[in-house]
Structures are given as C-alpha cells and as structure tokens.
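# Geometric and topological summary
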Amino acid sequence: MDKISRVDVEDFLFMEAELLDDWRLPEWLELFTEDATYSIPATDLPADASPDTSLFYVADDRFRLSERVKRLMKRTAHVEFPHSRTRHFITNVRIFERREDELLVSSAFLVYRVKDGATDTFFGGHRYRLAPHGDSFRIREKRCLLDTDGLRSQGRVSIIL
Amino acid sequence: MGVATKLNAALDVDESRRVFRVSRQTFVDPAILERERREILDKCWLYLGHDSELPLPGDFLTRQVGGRSLLFARGGDGALSALLNTCPHRGAQVCREKHGNAKAFQCFYHGWVFGLDGKLRSFPGKESYPDDFKDRPGSSMCAVPRHESYRGLHFVCFDADAESLADYLGAVKEYLDVICDQSTEGMRIVSGSQEYSIRANWKLLTENSVDGYHAVTTHATYLDYLKNTSGGLAQVGFNGQARDLGHGHAVLEYRAPWGRPVAQWIPAWGEAGKMEVERLRASLVARYGEQRATRIADYNRNLFIFPNLVVNDIMAVTVRTYYPVEPDFMAISAWALAPAEESAWARKYRLFNFLEFLGPGGFATPDDVEALEQCQKGFRNTAEAKWNDISKGMGKEIPSYDDELQMRAFWTEWNRRVFGVKA
C-alpha cells in the first residue's frame, strides 16, 4: 500500500475517464467492487451527507449502478440517444489517506457534454475509496461533489460524472 | 400579430366532435409569457415553502417565487414571515444566503438592521432623519401582500384582493389531507433540494407532471429496471382515474406496481420491510378505518395545483414547483416530503425509491426533460404546424389516469385567466 504513488492513481483515473468518454460503460462498471456505491449529493448538502437521510441527485448501490449502465446503453434511454459526446478532465489528484486496505483519493473534474447543439459543463470534486486490485484498483466508492448551482443550467445529469 | 388579436385563439375546443387543441404559439411567444406573468403569476397563490424547513426561531431561507426574491423567516416568537427581500432604503437584497439562522438581518450597503419580521430596528446616522422615521411603514421591509398556509405548505399571493388560500385550493385540500394523513406527527421536507432547469416552456412540465399516457414509451427503461429488481414488483397493474378539481387543479389517482413506503410492499424490501409496511398499514387502519387506509396506502396521486405546483405521492412524495425564465426555459425546484416519525428503514427506502424515478439524475426524469426539450424544438415549426392535441378521453364518463382530462382542466383555467375566455 505504501508503494502506491499518485501517478499510479492518476493512471487509473485517466483510464476511467477514457472509458466514460468512449461510452465503454460495461467495461467501466467492471472497475467497481461488488459493494460499491456511486453518488451525487444535492449541492446544498454537506460533502459527507448520507443518501439514507438526505435527498441526492444520484445514490446508486452496485445493483442500481449496473442497471444505470444497462439503461444508458439502450436506445430507449431517450436522453442519451443518440449518445452525447463528453470529455472528462481529471486533475488535482491527491491521495489524502492510506488505510490498511484502501486509499482515499480526491480529484477535481471538469466534464463537457455536447448534444444536439447544446454544451453543458459539470465541475466539482471527486472523492474515491480505491481498493488495490492486482496492479490496478477497484472503486469502492465514488462521490461526485458538484460545485455548480444545482443543475440550473444543465437540466439533468444523465451521463456519468 | 398582437396579443389582443389572438383572443380566443389559444384553444380550439369542440366538445361535440371531441376536439381539444392548444395553439403552439402559447409555448413560444414572449408576449404570451408577459401576459402569463401578469394574469397568472401576479394573481394566483404560489408555493413558498414548508414550515418544517424553518424548525427553529431565527431560521430563514431565501427563494425566488413568481419572479420575486423572497425571504421566509421564523421569528423569535415562532411566527413565520414572508418578506420581499429588498431593502426599503435603496433596494439591495437584504439577505444573501440561501438558508441559515439569524437574530436579525443587516443590509450591508448602508447598514440598516431589520428584525426577522422585517421591521426596521436600527440604522446608522439616525440623527439625520426625523424622530418617527423608524416607525414609518415605508422604513421596514415589505411583507408579501398575502401569505397563508395549509397543512404546513405555505403559499404567497401578490394580489391583495385574491380569494383566501382555502377557497383557492378548494377540492385540492382533500387530496393534501390524504397525503398528509399518512403521518401522525406531520410531514417534513427532507434535507437536500434538487434544482434544475429545462430548455422548454414551463407549461410543458405542467402537462408532463400529470401525464399518465407517456409512461410506457418515455419511461420504458424505468419499467425495465423495475422488472429487474430482486423479486420484481407488487402484483398490481396500472389502474385509476383522472379528476378535474376545478380552478385548473387536477389529480390522477391510481394503483401502480412500484413500492410505496406508506404502504405498499415489494419483494425487494425483504421480510424486514414487509413487517414495517404491515405495521404502518395497521396504524393507518386503526386511525382511519379500512377504506381510507387503503386509499392512503395503495393509491398513488399526481396532484397538480394551478399554476405551477405538483405534489406527487407516488414511490415517494415530491413537491415540485417551476417558473418560466424565458418562453423556452424554465427553472425547477423539487423536494422530498416524508412523515416526521418515519423509521430509519422507511426513510432510507423512500429516498432510494425517489431517486430511481424522480429528479434530474433518476431513471425517468431525464427522459422527461429530453421529451420536453424535443417538444420545444418541434415548436420551431409553429408557423405551419400550429396545434397540440390533448383530446384523449374526451366524452368519457370516467376518464382514465392515462387520458388527458387533467391537461384540459389546466388549459381551460389558463385560457380564462390569460385571455378571459370562459369554458
């Protein structure tokens, strides 16, 4: 665990971003552990809010995350048909805590989404819990903390951030 | 073509031929929006907030309502005030925070200090003003002309001569009672608000919020998802009615196969969930008898309160309000409403349920957003393709939940208010 460098983590996060931008969502899903969670809290909540007691935009367990991926790959997920084009910029990557079996990682994101003449911008911070897995990682938790004023200009968060 | 010449032209209605059409001009014309602001938003009762959002003395929140910037605050005596958030001196917004707790509000521009009730308390340089200046009515923050509440839901109205909120709500009250009676201690807004927007005319969300017809195609992936959840759905089909509640208000009341935390069990909730749901149902039966308990527990309600408030009691309860910004852009705020006394289990599943369907990150709302934006784009063709059709179910004695009676109720009231056309 002590030998893992920030560059190792960056390589992993950049690869994750590429899978998302390439719409290789089933492969992206494989990056998550069986007990993983993926969430986007409402922007008027504290960063450590719980989806059990507060209203989020997204709070998926692993099952619902897999269903989200299945949905997004269908033509009947109308909001993403035809697929939007996205670019995930990941920066400010930092390992801020090393635990016995996982790393706590923070990063900043800027995501552009283009569809049908409109460009939407999402930005904020990611919080990950990453478990080492072979020479890579598995994601136990991914939390997306939007810095935007709710989704007042974007209208929806139908892509993965 | 000026607005005046369009009088009577917004709707094309012929009951005998079962025709009900809405001019697409109403979704794109800035002159129509101007008229809506004056005749609807300046005159109807509009949702401000829920009293559970301000539990303690000194709690406050700021909110945009009907194009105004409002300050909603609970005073030291517990009384709630709805104030226009503007300094009586030179106009600056007095409170610049979204929510918080305060003993007083100070306008930072020149330092005037106001109580939680908006009354001027102190101001620098008072020796330069007359002795009675502080007590003059124009020296304190303006209260909204009307502010009344029903079952914890607070409304404001900018027309001082408007009918009472109770009269305005009319038949809606009974449905709010059914929704609120699920709780013994009162309903609460859960922390966390969803704020989003749609690049479409605001009235399209009114139609969409009470549209039972679109679910099967627009929300195909949501229904696929429900089938994939462990153990599947409750053994209940979609079945129910639409009702015109007068004043433009309308409701769908129907059964559906999804789980309801109060109180329709689904296999995904397991045995622990089953015990909890049975306990909740037994409590409802003890309080209200079998018939009303069944209505509260098993029936869903999509309740539309004219002109822009939706209270949907479905797989969770949401309160949603929305305003036009431009003819083709609206801003939406949505919250989750839940019984105060709810167990941690029920709250967790309620919120989990909420996000499955509702909100801009859910499995359904984003497709509604897409549908509404596609309609708005389609309205680029309004010069040639002029009309929307909402005639489904006309002439039926009992309109189904997936007919369009509720939209006709909205548009009839809209036409009465905007163009003075009686049904």
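Residues numbered from 1 in each chain as written. Chains lettered and ligands numbered in written order. Predicted model: local features only at pLDDT ≥ 70, side-chain atom pairs only at ≥ 80, totals over all residues.

Often the size quoted for an interface is simply the accessible area lost on bringing the parts together. At the junction of the two partners, chain B supplies 34 residues and chain A supplies 30 residues. Put simply, the parts of the chain that give the side of chain B that touches chain A at least two residues each are β14 (194-198), α6 (220-228), β20 (329-339), α8 (344-357) and α9 (365-378) of chain B. With six residues, the single largest contributor to the side of chain B that touches chain A is α8(B). Tallied by class, the residues present in the side of chain B that touches chain A amount to 17 nonpolar, ten polar and seven charged. (Contact = placed C-beta atoms within 7 Å. Helix = DSSP H or I, 4+ residues; strand = E, 2+ residues; numbered from the N terminus. Nonpolar A, V, L, I, M, F, W, Y, C, P; charged D, E, K, R; others polar.)

On to the domain arrangement of chain B, then. Residues and elements named next belong to chain B. With domains assigned, chain B is organised as domain 1 (46-157) and domain 2 (170-419). Spacing between the C-alpha centres of domain 1 and domain 2 amounts to 33 Å. Taken together, the contact between domain 1 and domain 2 spans seven residues of the former and ten residues of the latter. Residues belonging to the side of domain 1 that touches domain 2 are distributed by class as follows: two nonpolar, three polar and two charged. (Domains from an automatic or database assignment.)

Turning our attention to the sheet that holds strand β8 (residues 105-106) of chain B. Residues and elements named next belong to chain B. Read across the open sheet, the three strands follow the order β8-β9-β10; overall the sheet is antiparallel. Each edge of the open sheet is held by one strand with a lone partner, namely β8 and β10 (120-122). Relative to strand β9 (residues 113-114), β8 runs antiparallel, the two being bridged by two bridges. Bridging from a neighbouring strand, Phe105 pairs with Phe114 of β9. (Pairing = 2+ DSSP bridges.)

Our next topic: the sheet that holds strand β3 (residues 85-98) of chain A. All names here are of chain A. Spatially, β2-β1-β6-β5-β4-β3 is the arrangement adopted by the six strands of the open sheet, whose pairing is mixed. Bordering the open sheet on either side are β2 (56-61) and β3, each of which pairs with just one other strand. Across this sheet, the average inter-strand angle for adjacent strands is 20°, counted without regard to direction. As paired strands, strand β1 (residues 32-41) and β2 are joined by five bridges and run antiparallel to one another. Note on β2: the bridge partner recorded for Thr37 is Asp61. Set on the sheet, helix α1 (residues 6-21) makes contact with β3, β4 (103-115), β5 (118-133) and β6 (136-146); between it and β3 the angle comes to about 155°. (Axes fitted to C-alpha atoms, helices over the stretch in contact; angles between N-to-C directions.)

Here the focus is the environment of B:Ala92. All names here are of chain B. Looking at where Ala92 falls in the secondary structure, it is placed in the loop between β6 (80-84) and β7 (99-101). Considering only alpha carbons, one finds Ala92 and Phe108, 16 residues apart in sequence, at a separation of 8.6 Å. Not counting residues within four places of it along the chain, the set of residues in contact with Ala92 comprises Cys87, Cys107 and Tyr109.

Along any regular strand, the residues point their side chains to alternate faces of the sheet. Residues and elements named next belong to chain B. Of all the ten residues making up strand β19 (residues 317-326), seven are buried; the element is thus mostly covered by neighbouring parts of the structure. Pairing geometry for strand β18 (residues 309-313) and β19, over five bridges, is antiparallel. Pairing of Val310 across the sheet is with Arg320, part of β19. Here β18 hands over to β19 after three residues, the two strands then running antiparallel side by side. Here β19 runs beside β20; their pairing, made up of nine bridges, is antiparallel. Following the sheet pairing, Thr321 is matched in β20 by Ser333. Between β19 and β20, which pair antiparallel in sequence order, lie two residues. (Buried ≥ 20, exposed ≤ 12 C-beta atoms within 10 Å, placed from the backbone.)

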